[in-house]
Amino acid sequence: TETTGPATLNHPTALVMGSVGQPLPGTSVRVTDDGEVFLRGPHIMRGYHRNQEATASVIDEHGWFHTGDVGEVDSKGFLTITGRKKELIVTAGGKNVAPAILEDKLRGHPLISQVVVIGDQRPFISALLTLDAEMLPGWLSTHGLSSMDVAEASHHPDVLAALQRAVDRTNSQVSRAESIRKFSIVSGDFTQENGLLTPSMKVKRERVLARYSDTIEEIYSGKSTEKK
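Structure report, in brief.

Each value, and the rule that gives it
- Residues numbered from 1 in each chain as written.
- Predicted model: local features only at pLDDT ≥ 70, side-chain atom pairs only at ≥ 80, totals over all residues.
- Heavy atoms only, no water.
- Helix = DSSP H or I, 4+ residues; strand = E, 2+ residues; numbered from the N terminus.
- Buried < 20%, exposed > 50% of the residue type's maximum accessible area, 1.4 Å probe, protein only.
- Contact = heavy atoms within 4.5 Å.
- Polar contact = N/O pair within 3.5 Å; in protein donor to acceptor, adjacent residues only side chain to side chain.
- Salt bridge = Lys/Arg side-chain N within 4 Å of Asp/Glu carboxyl O.

Re the overall build of the protein
Helices and strands together make up the secondary structure of the protein, namely seven helices and twelve strands. Once the C-alpha set of the protein is aligned to its principal axes, its extents read approximately 60 × 40 × 35 Å. The 228 residues of the protein split such that 41% are buried. If you take every contact in the protein between residues at least 6 apart in sequence, the share linking residues at least 24 apart comes to 53%.

What about the environment of Ser57?
Tracing the sequence through the fold places Ser57 in helix α1 (residues 52-58). In this structure the side chain of Ser57 is engaged in a polar contact, spanning 2.6 Å, whose partner is the backbone oxygen of Ala54.

Notes on the pattern of salt bridges
Considering all chains together, one arrives at seven salt bridges under this definition. For the salt bridge of Arg122 with Glu217, the shortest nitrogen-to-oxygen distance reads 2.6 Å. One end of the pair, Arg122, is in the loop between β9 (112-118) and β10 (125-131); the other, Glu217, is in helix α7 (residues 213-220), and 95 residues separate them in sequence. Arg122 sits in the partly exposed class, given a relative accessible area of 22%.

Written as structure tokens, this is what we have:
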């Protein structure tokens, strides 16, 4: 909303899949050393209504709007968004990891409903997964397995093997430091009703981390499924 409209565009004659395109005429894009995307142009808002303090926190003296997004610009000016700055994970080794990249890739698996990647100030990256109760019966039938509920599936070796393969495919697209070393399947799912999803279906990351803090501690104490 702060840009009042589009700032970049993929055109049929100038298209890079996975990117949000090149800047529209009049738009300037800058990526800072820490990866944050800045925008500037006539379409950027003048400021928040009667809130100079909030305005100053996102628009600097040079007119750059600090989007809070993390991204990168290629040699032809195509911008790719990789996550939100406030959600960046910094491992104990100092590696910056954008969880959205890993989460989006894993969430495409038919068995997986939700994913939360964790690892801030931890020695490695791990993940909490929930199983898709609606997709599970079809997946089991397709793979010649008998009917079972989500709780049973969470411990079935074939299900765990399938999830591990999904994790392996995701890891193959990132560096070793960014790869998911362990994962844990948590019971239930993330919903608005249990307070773990927003009305726009975004995961409330901090609430998930708080609710499953015991599971997270188990992951880092060596009790959960690990990628060898």
